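Spelled out, the chains give:
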Amino acid sequence: MSADRSHESRDGHALVLDAGSSSLHIALFAADGERVADRDASEPPGPAAAAELRNFLSEVPAPAAVGHRIVHSGPRLTGHTLIDARVRALLADVADLAPLHVPPALHVVDAARELLPDVPDIACFGSGSAFVQWPR
């Protein structure tokens, strides 16, 4: 299911994924911080997240990194961190601390890791101050 993006360069673009309990905000930023593209998913985060993300990725330059806003990290993860199998497991273990938010976010993490297996995924924790402000 990985997105074939081998023909495109990764010029420092950052993909930002903000999964809420019923929403998924997707944005791509250039290295200088300029927003290249964004989209609000048509479906809540869940099994459809991979298709939504795949469609978005087919329209934009390949990202060099993926940032995920995750509401709650539990006591063992206290700062932004690279998501590997251990961190993914720790997040699953504390999903009951924010059951409306963490499980949907993990669907999106899994979709991004599957679609972009060679791109690092970073978890950014907190409820009120995601590292991206969405225009309303």
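The structure we're discussing is the one just above.
So, how was this worked out
Residues numbered from 1 in each chain as written. Predicted model: local features only at pLDDT ≥ 70, side-chain atom pairs only at ≥ 80, totals over all residues. Heavy atoms only, no water. Helix = DSSP H or I, 4+ residues; strand = E, 2+ residues; numbered from the N terminus. Buried < 20%, exposed > 50% of the residue type's maximum accessible area, 1.4 Å probe, protein only. Contact = heavy atoms within 4.5 Å. Areas by Shrake-Rupley, 256 points an atom, 1.4 Å probe, with all protein chains shown as cover. Salt bridge = Lys/Arg side-chain N within 4 Å of Asp/Glu carboxyl O. Axes fitted to C-alpha atoms, helices over the stretch in contact; angles between N-to-C directions. Parallel < 35°, antiparallel > 145°, perpendicular 65-115°, else oblique. Left-handed = near helix turned anticlockwise from the far one by under 90°. Nonpolar A, V, L, I, M, F, W, Y, C, P; charged D, E, K, R; others polar. Arc of directions from axis to C-beta.

1. Points about the overall build of the chain
A tally of helices and strands in the chain yields three helices and six strands. Element order for the chain, N to C, with α for helix and β for strand: β-β-β-α-β-β-α-α-β. For the chain, buried positions account for 47% of its 136 residues. Contacts spanning at least 24 positions in sequence make up 67% of the contacts within the chain whose residues lie at least 6 apart. For the chain, the exposed surface amounts to about 6800 Å²; the carbon and sulfur share of it is 51%.

2. Section: the pattern of salt bridges
One pass over the structure, following the stated rule, counts four salt bridges. Residue R69 is joined to D18 by a salt bridge in which the shortest nitrogen-to-oxygen separation is 2.6 Å. One end of the pair, R69, is in strand 4 (residues 65-70); the other, D18, is in strand 1 (residues 14-19), and 51 residues separate them in sequence. Since its relative accessible area comes to 8%, D18 is described here as buried. The salt bridge involving D38 is made with R35; its shortest N-O contact spans 3.1 Å.

3. Some words on the packing of helix 2 (residues 85-93) against helix 3 (residues 102-115)
Relative to each other, helix 2 and helix 3 sit at 160 degrees, their axes nearing to 10 Å. Here helix 2 lies roughly antiparallel to helix 3, going by the angle between them. Taken as a pair, helix 2 and helix 3 cross one another with a handedness that is left-handed. Touching A85, R88, L91 and A92 of helix 2 are V102, L106, V109, D110 and R113, all from helix 3. The residue inventory of the contact of helix 2 with helix 3, partitioned by class, reads six nonpolar, no polar and three charged.

4. Some thoughts on helix 2
Those residues of helix 2 not exposed but buried are V87, L90 and L91. In a view along the axis of helix 2, the buried residues occupy a sector of 100 degrees, so they form one face of it. Opposite the packed face of helix 2, turned more than 90 degrees from it, sit the exposed residues A85, R86 and D93. As for helix 2, its buried residues are in contact with strand 4, strand 5 (81-82), helix 3 and strand 6 (121-125).

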